[in-house]
Amino acid sequence: MSAVGGRREQARWTRARLGHTGPALDLLTASFDRHVYAPHAHDEFTVGLYVGGSEVIDYRGGRLRPGPGSVVVLEPGEMHTGGPDTTNGYAYRALYADTSLLTDGTTTGFPHFREPLVHDPELAAAFRAAHTDLSSCPDPLEAESRLPWLLTALARRHSTARPLDDRIPGAHHIAHAVRTRLADELTTPPSLADLATDLGLSRYQLLRAFRTTVGIPPYAWLAQHRVTRARALLETGLRPAEVAPLVGFADQAHLTRWFRRVLGVTPAAYRNSVQDGDH
């Protein structure tokens, strides 16, 4: 946490890696009452989702006033400032993404956003959920499954770039090959970029084929597979803290999050119920 000074001047940075050996991407969670940014620009795309208050941003000779639910897209190299628009301050979630993460599922090169203020409630909700989950536990496969997909959707829906054809021949074969590799390399899964290269695809094509066939992204499938493996280990008497690294979860908290999602109970409660003879 880096403090800017004041009652609610807080900015917390999280670095998420896209795959175990992939590039890093920075996530920012910020809440400010009075902080005003000096004029500056970024080398990457800045995508921000506002969750409280309102900010005023000087950008391209005009002023943006995003409020809760607004998505703002600032392009690389564009000078801008930011500060509170009201006495209530402002709070937002942001990520800083290389241009390539917005172009995997598009054509026509650089994705220009004529309107930097985007209204897209569905995308905003997905962005907030992914940002929240990855800020608390930046799992590499989860980051690579969720963030490029969201950024590509942003470019396809709201920029000048044109969507690629979504038809992926052999989607079932692709999904089967990905599941096999992820299951075989449970604790250190390969990156989606490497899997895509091995299959002669782009990462977007791999994600599209997998989601279309399986119904969920690769990280969610792997998490459920890990939970299944974890159940078997818990039934042998191992404790959740011992099981988590054996099946590839970052720690017991990561195991517990997914155990609750899949089974509705904590791993500790599940282990106790098995020992008590309820299963």
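The rules we used
Residues numbered from 1 in each chain as written. Predicted model: local features only at pLDDT ≥ 70, side-chain atom pairs only at ≥ 80, totals over all residues. Heavy atoms only, no water. Helix = DSSP H or I, 4+ residues; strand = E, 2+ residues; numbered from the N terminus. Rg over C-alpha atoms; globule rule 2.2 N^0.38 Å. Contact = heavy atoms within 4.5 Å. Areas by Shrake-Rupley, 256 points an atom, 1.4 Å probe, with all protein chains shown as cover. Lys, Arg positive; Asp, Glu negative; His and termini not counted. Charge placed at Lys NZ, Arg CZ, Asp CG, Glu CD. Axes fitted to C-alpha atoms, helices over the stretch in contact; angles between N-to-C directions. Parallel < 35°, antiparallel > 145°, perpendicular 65-115°, else oblique. Nonpolar A, V, L, I, M, F, W, Y, C, P; charged D, E, K, R; others polar. Pairing = 2+ DSSP bridges. Buried < 20%, exposed > 50% of the residue type's maximum accessible area, 1.4 Å probe, protein only. pLDDT = per-residue confidence, 0-100. Patch = residues over 30% accessible without salt bridge, like charges linked within 9 Å, V, L, I, M, F, W, Y side chains within 5 Å. Salt bridge = Lys/Arg side-chain N within 4 Å of Asp/Glu carboxyl O. Core = buried A, V, L, I, M, F, W, Y, C linked by side-chain atoms within 4.5 Å.

A. Looking closely at the overall build of the protein. When its secondary structure is counted, the protein shows 10 helices and 13 strands. The globule rule puts the C-alpha radius of gyration for 279 residues at 19 Å, and the 21 Å found for the protein is close to it. Put simply, of all contacts in the protein between residues at least 6 apart along the chain, 68% involve residues at least 24 apart. When the accessible surface of the protein is split by element, carbon and sulfur atoms take 50% of a total near 13000 Å². Charged side chains of the protein number 30 positive and 30 negative; the gap between the two group centres comes to 3 Å.

B. Representation of the packing of helix H4 (residues 171-184) against helix H6 (residues 203-214). Orientation of H4 relative to H6, taken along the N-to-C sense of each, is 95°, at an axis distance of 8 Å. The angle between H4 and H6 places the two elements in the roughly perpendicular class. Here H4 contributes Ala-171, His-172, Ile-174, Ala-175, Val-178 and Arg-179 to the contact with H6, which in turn contributes Leu-206, Ala-209, Phe-210, Thr-213 and Val-214. For the contact of H4 with H6, the per-class residue count stands at eight nonpolar, two polar and one charged.

C. Representation of the sheet that holds strand E7 (residues 62-64) in the model. A sheet is described by the order of its strands in space; here four strands give the open sequence E4-E9-E6-E7, paired in antiparallel fashion. Looking along the sheet, the strands with just one partner apiece sit at the ends: strand E4 (37-40) and E7. Put simply, the sheet's adjacent strands are angled 20° from each other on average, direction ignored. Pairing of E4 with strand E9 (residues 80-84) involves two bridges; the strand directions are antiparallel. The partner of His-40 across the bridge, within E9, is His-80.

D. Molecular detail of the pairing of strand E8 (residues 71-74). On E8, burial covers both faces: Val-71 and Val-73 on one face and Val-72 and Leu-74 on the other are all buried. Sheet topology places strand E5 (residues 45-53) next to E8; four bridges connect them, and they run antiparallel. Residue pairing in the sheet places Val-47 in a bridge with Val-73 of E8. Sheet topology places E8 next to strand E12 (residues 117-118); two bridges connect them, and they run antiparallel. Across the sheet, Val-72 pairs through a bridge with Leu-117, a residue of E12.

E. Representation of the confidence of the model for the protein within the structure. Per-residue confidence for the protein gives a mean pLDDT of 93; residues scoring 70 or more make up 96%. For the protein, strand E1 (residues 2-3) is the element with the lowest average pLDDT, namely 36, and E8 is the one with the highest, namely 98. For residues 1-6, every residue scores under 50 in pLDDT, and the model assigns this stretch 13 contacts once sequence neighbours within four places are set aside.

F. Quick peek at a nonpolar patch on the surface. Nonpolar side chains collect at one region of the surface, where Val-262, Leu-263 and Val-265 lie side by side and expose about 180 Å² of accessible area between them. Along the chain, Val-265 falls in the loop between helix H9 (252-263) and helix H10 (267-275).

G. The arrangement of the nonpolar core in detail. Core analysis: the largest hydrophobic core is formed by 35 residues, its most contacted members being Val-178, Leu-182, Leu-206, Phe-249, Leu-255, Trp-258 and Phe-259. Looking at this core, the elements that each hand over two or more residues are helix H3 (140-158), H4, helix H5 (192-198), H6, helix H7 (218-234), helix H8 (240-246), H9 and H10. Looking at this core, the element that brings in the most residues is H7, giving eight residues. Once you skip the residues sitting within four places of it in the chain, Leu-182 turns out to touch Leu-141, Pro-189, Pro-190, Leu-195, Pro-218, Trp-221 and Leu-222. Counting 27 residues, the second-largest nonpolar core is a separate cluster that includes Val-71, Leu-101, Val-118 and Ala-130.

H. Highlighting the environment of Gly-67. Positionally, Gly-67 belongs in the loop between E7 and E8. On the basis of relative accessibility, which here comes to 16%, the residue Gly-67 falls in the buried class. Between the C-alpha atoms of Gly-67 and Ala-91, which are 24 residues apart in sequence, the distance is 9.1 Å. In contact with Gly-67, other than residues within four places in its own chain, are Tyr-50 and Gly-53.

I. Inspection of the pairing of strand E10 (residues 90-97) at higher detail. For E10, the buried fraction is high: eight of the eight residues fall into the buried class. Note: E5 against E10, eight bridges, orientation antiparallel. Bridge pairing links Phe-45 to Ala-97 in E10.

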